[in-house]
Amino acid sequence: MTITEIEQFLKKQNQIFPDDIIREIEQKRAEAIKAQNEEEANEYWRLAVIYYVQKGYITMYNMVRSKNYRMAWETLRQTDMQLVTLGRNFSIGTSLDDPYHLVYIRDMLNKYELLFPYEIFVCRESLIKEQKCSICGETVKLRGGCNHVPGKIYMGELCMHETTDFEYKDLKAVRDPFDKFEILEPYEPKEMTYSFALLEMLMGSLRSPYEYWEVEIVRDKNPEYARVGRNDKCPCGSGKKFKHCCMNDEKKMYFDHYKIRMMNEPGENVDQPLRMI
């Protein structure tokens, strides 16, 4: 396959990704590296990442549909990181010029992340003692050393700082960390497990992984607090006046109301009613 033929494949809204496509891309990337053709090697690296991003998105979608939520979350995070790496080296397009559906996939990943109920994650604290550059093998130093930049592409290879020596320090449960791979999941009691009702409702309405949809989060007041006066007894049952109890407790007073709207797809009648969940 030529670069043009591979590009034509990746521009389709594929749901099946044959292995021979990525084998062809990787073979041509290896040939370009051997020939020291950096422009071509980098181009095949770009096409390989686009392939993996598209395949990762479809895999995540199918995992959500089959209720394999843990693996779906891990695939979502991995695909998102691949997109970030791609964006550091090449333009992924715009909402008006998105030939490989990368802008769409990025937006959808962000929306899916909002619907996952995971809140607490496990983070490891470590002291990194030594790292080496994956491109030249030199030891990373605070001053001096090689000039390769982590996250950048050199001759069809992604530069990374590989940790060769570290000291484990601590393990913490945190909210909203940078690395959201390790989920802290409760096992007992069952009432404390995560609810995937939002994702289940979404899957019940989606017709394809490439359908357009939006999600809006609105803060609504809990019904039991809707008509409580400042000097009334607090509905929580504490016996205290409302103003001295839950009136300033945002978590008790309000809840997040998710509004999911199925959008018109390109080519559809714009006057047709939108579907709401």
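Residues numbered from 1 in each chain as written. Predicted model: local features only at pLDDT ≥ 70, side-chain atom pairs only at ≥ 80, totals over all residues. Heavy atoms only, no water.

Asks: Mind showing me how you'd approach the pattern of salt bridges here?
Replies: Any two side chains of opposite charge can pair, so long as their charged atoms come close to each other. One pass over the structure, following the stated rule, counts 17 salt bridges. With a shortest N-O distance of 3.5 Å, Glu-7 and Arg-46 are connected by a salt bridge. Within this pair, whereas Glu-7 is found in helix H1 (residues 3-10), its partner Arg-46 is found in helix H3 (residues 38-65), the two being separated by 39 residues in sequence. We classify Arg-46 as buried; its relative accessible area is 12%. Between Arg-207 and Glu-211 there is a salt bridge, with its nearest N and O atoms 3.2 Å apart. According to the relative accessible area criterion, Glu-211 is buried, its value standing at 0%. Connected via shared salt-bridge partners are Glu-7, Glu-43 and Arg-46. (Salt bridge = Lys/Arg side-chain N within 4 Å of Asp/Glu carboxyl O. Helix = DSSP H or I, 4+ residues; strand = E, 2+ residues; numbered from the N terminus. Buried < 20%, exposed > 50% of the residue type's maximum accessible area, 1.4 Å probe, protein only.)

Asks: For this particular structure, what's the right way to read unusual backbone geometry?
Replies: The phi torsion of most residues other than glycine is negative, and most of the peptide bonds are trans. Positive phi outside glycine occurs at Lys-67, with the angle close to 65°. Checked against the element boundaries, Lys-67 lands in the loop between H3 and helix H4 (69-89). Residue class for Lys-67 comes out exposed when judged on its relative accessible area of 53%. Even without a glycine there, the phi angle at His-101 is positive, about 65°.

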